[in-house]
Each structure stands twice: as structure tokens, then as C-alpha cells.
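# Topology and contacts: notes
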Amino acid sequence: MHSLLSTLFFITLLRTVCAATAEQWRGRSIYQIITDRFALPAGADTTNCNPGAQTWCGGTWNTIRENLDYIQHAGFTAIWISPVSQNYEGPRTPYGDAYHGYWIADVAKLNDRFGTSDDLKALSNELHRRGMYLMVDVVVNNVMALSATPDLSTFYFQEQSQYHPYCPIDWNNLTSEQDCWLGDTSVYLPDLNTEDNSVVTGYTSWIQSLVSEYNIDGLRIDAAKHVDKPFWPVFCAAAGVFCIGEVFDGDVANVAEFQGSDALDSVLNYPMYDSLVAAFAIPGALNTSAVADTMAQSKTLFKDTGLLGNFLEDQDVPRWANLSVDPQSLYNAMIFNFMSDGIPIVYYGQEQGFHGNSDPWNREPLWPSNYSNTTTYQLVTTLNKFRNFLVNGTSGWLHSSAELLTADTHGIGLLKGEVVTILTNVGSPPANVSVAVYTPFQNSLVTTEIVSCKEYVVGSNGTLAMEYSKGGVPGIFIPSSTLKGSGICGNVDVTASGQMAQGANAAYSHSRASITLLLSGLALFGLISFGF
């Protein structure tokens, strides 16, 4: 018995040592994948995947593993995949088939549509060989059924007492949101009673086993706000890895309630998503104060803004290109997510300019894109390479707090560490406007703009300004001396020269803009054009 206890203690200790903590996730960037839609096996029919059909198209854990170069070459250091648990198998529903992975049957069994246990282990092993993390989506709140009185024998939890009684949700009442059932009368989502001790014990045993067996580094938790909050610290402690939850709400206070030691490590930043849409989408409100207000509220209410999940697209909201007709609006908003506080997340296909509306049209197959080296893919590569450099550097950028330097009708200026970011919502057409930012940089300091790889000298009073007579290109500035040995903008990478993809010079091959540096207050402008 003593030997057995010692062995169990050692295994638990080993899991704790190997587990990826919230702090380790802070510096990662995540590529989100719908497993069924990322890649096909060799020889498969690439023309037969209509998102509107709401059925399986053939993506698997193996096809993700076989195409990881596409993700790693863009600089991502983690992937987030669809739920891996067994899903509903039966007659087609009014909403199609369970290709997405969220219609849970037996949570403790794997989804054989996506592969075998060995396939999932192979994906995990290959990611870790590359120094990347694996995040798995998990559904804890509910299972799926076609009636309000399902046969419980098909589920992991098989006792009626382990479920809340059926009731439709009152969306103005949090208790109702947590105890009543998601879904509708076409597809029911029976709600687990996570206050029941047997449910807590069953879930903690399952998640501990899942994480351990497949060497999972983090969990994205579906419908997190629909579960009673005290459940989460127990569940995530059993998992022993970083937990980020979906709290689908635009109110900072409501979302912030679910981050902390009494809840989850982190949450997806839906309030900032809403604000970025309000500030940058064209056509739209073009309300930059929405970003400023959300930043201010977030600093006060969130426990740690550096762990929030920043995104512009996911499987539940329309693609950015469906909301905004202007590509520069995407570039500016995307740069905010990389250069402000939080963990950047890019939803597969965003880098290819996909433009589907809400579910199911935002769940397109990626393979028709031919995994092209698009302008957006190049920009993502540049942003990841630069952010990875900052994360691994000694400047303290990762743990510094993003500060708003200015916000006016046409744009915003941010400072995080020693990086100044200037963003605009004017879009691609020429505009006779400018955004001036007073930075803490010393006069005459030589800076490098990361996207264009041009050097600029800071003006008096530490002033940088962008003017947009040739269109609304964003700017990211850092003292040039900081880039030595980085491999960025011609600085030789002393550790891994040429390891990442193509660099920044081509990032905006179809876009031109001008930057103005205020060399003497606001009186003297020296106009220098971005040349490509």
C-alpha cells in the first residue's frame, strides 16, 4: 500500500510539474481550429464541403498533425481544437449533424469521427516536439438530446438527479441561465447539476484522466457562465492546467466575475470584441471611445487582463469580413489584439479572409484556400514573430500593462512596455486626417516601424503621428536598438536565423500609407512614405 501511494503521489507530482500554467500561457498565441474543417486526408474530395449542409467534411486529428507547418510557420505557439468527446450519433437533426463536436453524448469516450486515442496522442506529441501547446475545448454544462426526456443510459451521467429539470432560460436571470437548459425544442441540451457531488466527482475524475492521458496543456470551457461558479476551481484544480472560459456577454462586469481564484484563470474577451467591432468595422459606428472605455473598465474589474483571450472571430460570431468591407479595418483591429494586454487568438480562416456570417456559414472548410500566403497571413506571421520576440526578451513587455496614450475620432495610440502602437479606423481610401501620439520616447530616438521595417526619428516632446493621405495603415514602433539580434526587420537572429516565415516587408503588399513624425512639436511635419 505504501508503495502504491508513493507511486500515485509521484504521478500527481509529475503532472503538476509538466502542466502548463496560466503564467506559461500568458506568452502564447493561439490558432483556433474546428477539427472537421481544417484539413482533409490525402486523396479526399476537396469540393464537397458546404457549410450550409451542416454535416461532416472529414477533418481529423491526423490531418491537423499533418498540416502543423502552416500554423507554426505563421508563428503560433498553441492550437485550440474542437471538443474531443463522443458526440450524438443518430438521425439528422433540424440543425444538421454533430460535425462541430459540441453535442456531447458520453463525455468520457472519444469522438471516433475525429480519430483514435493513438491519433490524439500523436497530435499532442507532435505539438510538444515543436514546442507548441495543445488546448482542448470541453463541454461540461450539458449533453445533447432530441427530447426533454432522453434515454440517460447513453450518457456518462445516467441518473435523473444528476440533471436539472427541464425549463427554458430566462436570459434576465443568472440562476435561470445556470439551471435551465440551453438549446431549444428541436435540439435539447440537458443541463448537468454541477452542484451534485456525484457530478463533481465524475467530472473531476474524467478531466484529470483526459489531461493526463493526452498531455493536454490547456482547456477552453464552453458555456462557462451557465455553470455555477464554485464548480470551476474544483474542476480546474483537478485538470491541473490553464482554464479559459466562454462567458458570452459584452458587459465587462458580468464577464470579469468569472476570472479569479474563485472561478477560472481566464475568459474570452467578449467585451473587447464588441468594442473593436464598434471602433473599427466599416461600415459601423467607428466609435474609438468604446475601446478606451473597455480598457479602463477592464483594468478595474478583471483580475488579470494579461490572461484574457483576445479575438476577432470564432465559431459563434460572424467573420470580420462579413461585418466590415475594408481589409485595413481587420489589420488595425488584429494588431490591437496582439499588441495590447491578453493572449491573441486567431480563428482558422481569418488569415485567409473568410467572410461567412453566423453559424453555420462561419465554419467554412479551410482547404479551398490552398493555405495561401495571403497578405493577412503575412501580417499574422509578422505579429507573431514580433510578439514572440517581446515575450522571450528581457524588456518586461509581457507583464507590462497596456496604456492608452490617445483616442480620437480617427484612431487610438497604445503603449505597452516600450512598444507604441497607432491604429486607425479611416480604412483603405486616402483620408486627410492624422493621429498624433505623445510617447515617453526621448526626442531624436531612432525607432523601427515593425510592419514596414522603416526607421523613424521621434519628434520633440516624444511625438509620433500617423497621417493617412494614402490610406489607414497601422503602425507599431519600437526603439531600433531593442531589435538587435531579433531576426526582425533585417536584424540578424542570433538564435534561429530565418526560422519563422517571411518577415514584415511584404505584410501590406497591396497597401500604401504615409507616416508623419512631428520633428518640432506639431508645427513641423516631415512626410515620409511607406515604400513597397
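Structural notes, computed from the coordinates. Given the structure is predicted, the values throughout are model-derived calculations rather than measurements. (Residues numbered from 1 in each chain as written. Predicted model: local features only at pLDDT ≥ 70, side-chain atom pairs only at ≥ 80, totals over all residues. Heavy atoms only, no water.)

Of the regular secondary structure elements, the chain holds 15 helices and 20 strands. Per-residue burial for the chain yields a buried fraction of 58% across its 532 residues. Taking all contacts inside the chain whose residues are at least 6 apart in sequence as the whole, residues at least 24 apart take part in 71%. Just so you have it, the chain exposes about 20300 Å², and 53% of that area is on carbon and sulfur atoms. (Helix = DSSP H or I, 4+ residues; strand = E, 2+ residues; numbered from the N terminus. Buried < 20%, exposed > 50% of the residue type's maximum accessible area, 1.4 Å probe, protein only. Contact = heavy atoms within 4.5 Å. Areas by Shrake-Rupley, 256 points an atom, 1.4 Å probe, with all protein chains shown as cover.)

A separate point is the layout of surface pockets. Estimates place the volume of the largest pocket at around 810 Å³. In this structure, the largest pocket is lined by 26 residues; those nearest its centre are Leu 182, Gly 183, Leu 189, Asp 222 and Asp 316. Tallied by class, residues from the lining of the largest pocket come to 13 nonpolar, six polar and seven charged. (1 Å grid on protein atoms, 1.4 Å probe; cavity = no way out; pocket = protein on both sides within 12 Å on 5 of 7 lines; lining within 4 Å. Points joined across faces, edges and corners; volume = space filled by probe spheres on them. Nonpolar A, V, L, I, M, F, W, Y, C, P; charged D, E, K, R; others polar.)

Of the two faces of strand 6 (residues 218–221), the one holding Gly 218 and Arg 220 and the one holding Leu 219 and Ile 221 are both buried throughout. Sheet analysis places strand 3 (residues 133–138) next to strand 6, joined by four bridges and oriented parallel. If you follow Val 138 over to strand 6, its bridge partner there is Ile 221. In this structure, strand 6 lies alongside strand 7 (residues 242–245), joined through four bridges in parallel fashion. Following the sheet pairing, Leu 219 is matched in strand 7 by Cys 243. Taken together, strand 6, helix 9 (residues 231–239) and strand 7 constitute a β-α-β crossover, and its handedness is right-handed. (Pairing = 2+ DSSP bridges. Right-handed = clockwise from strand over helix to strand, strands pointing away.)

Relative orientation of the contacting elements helix 11 (residues 270–280) and helix 12 (residues 289–301) amounts to 160°, with a least axis distance of 7 Å. In terms of orientation, helix 11 lies roughly antiparallel with respect to helix 12. Pair helix 11 / helix 12 crosses with left-handed handedness. Taking contact as the criterion, the partners of Pro 271, Met 272, Ser 275, Leu 276, Ala 278 and Ala 279 in helix 11 are, on helix 12, Ala 290, Val 291, Thr 294 and Met 295. A per-class count over the contact of helix 11 with helix 12 returns eight nonpolar, two polar and no charged. (Axes fitted to C-alpha atoms, helices over the stretch in contact; angles between N-to-C directions. Parallel < 35°, antiparallel > 145°, perpendicular 65-115°, else oblique. Left-handed = near helix turned anticlockwise from the far one by under 90°.)

An α-helical segment advances 3.6 residues per turn. Residues three or four places apart therefore align on the same side. Given a rise of 1.5 Å per residue, 13 residues ought to cover 18 Å, and the 18 Å separating the end C-alpha atoms of helix 6 (residues 117–129) matches this to within 8%. Within the span of helix 6, buried status applies to Asp 119, Leu 120, Leu 123, Ser 124, Glu 126 and Leu 127. In an axial view of helix 6, the angular spread of the buried residues amounts to 165°, which keeps them on one side of the axis. Among the exposed residues of helix 6, those pointing more than 90 degrees away from its buried face are Asp 118 and Arg 129. In the core, the buried residues of helix 6 are packed alongside helix 4 (61–66), helix 5 (68–72), strand 2 (78–81), strand 3 and helix 8 (197–214). The first or second residue beyond helix 6 is Gly 131, which carries a positive phi of 80°. (Expected span 1.5 Å × (residues − 1). Arc of directions from axis to C-beta.)

Strands sit in the order 11-12-13-18-15-16 across an open sheet of six strands; the sheet is antiparallel. Each edge of the sheet is formed by a strand with only one pairing partner; in this case those strands are strand 11 (403–408) and strand 16 (454–457). For this sheet, the mean inter-axis angle between neighbouring strands, taken without regard to orientation, is 20°. Of the pairings in the sheet, the one linking strand 15 (residues 446–449) to strand 18 (residues 475–479) comprises three bridges and is antiparallel in character. Bridge pairing links Thr 447 to Pro 479 in strand 18. Seen against the sheet, helix 12 touches strand 11 and strand 12 (411–416) and runs at an angle of roughly 155° to strand 11. Together, strand 13 (419–424) and strand 18 form the strand contacts of helix 15 (residues 375–392), whose direction differs from that of strand 18 by roughly 30°.

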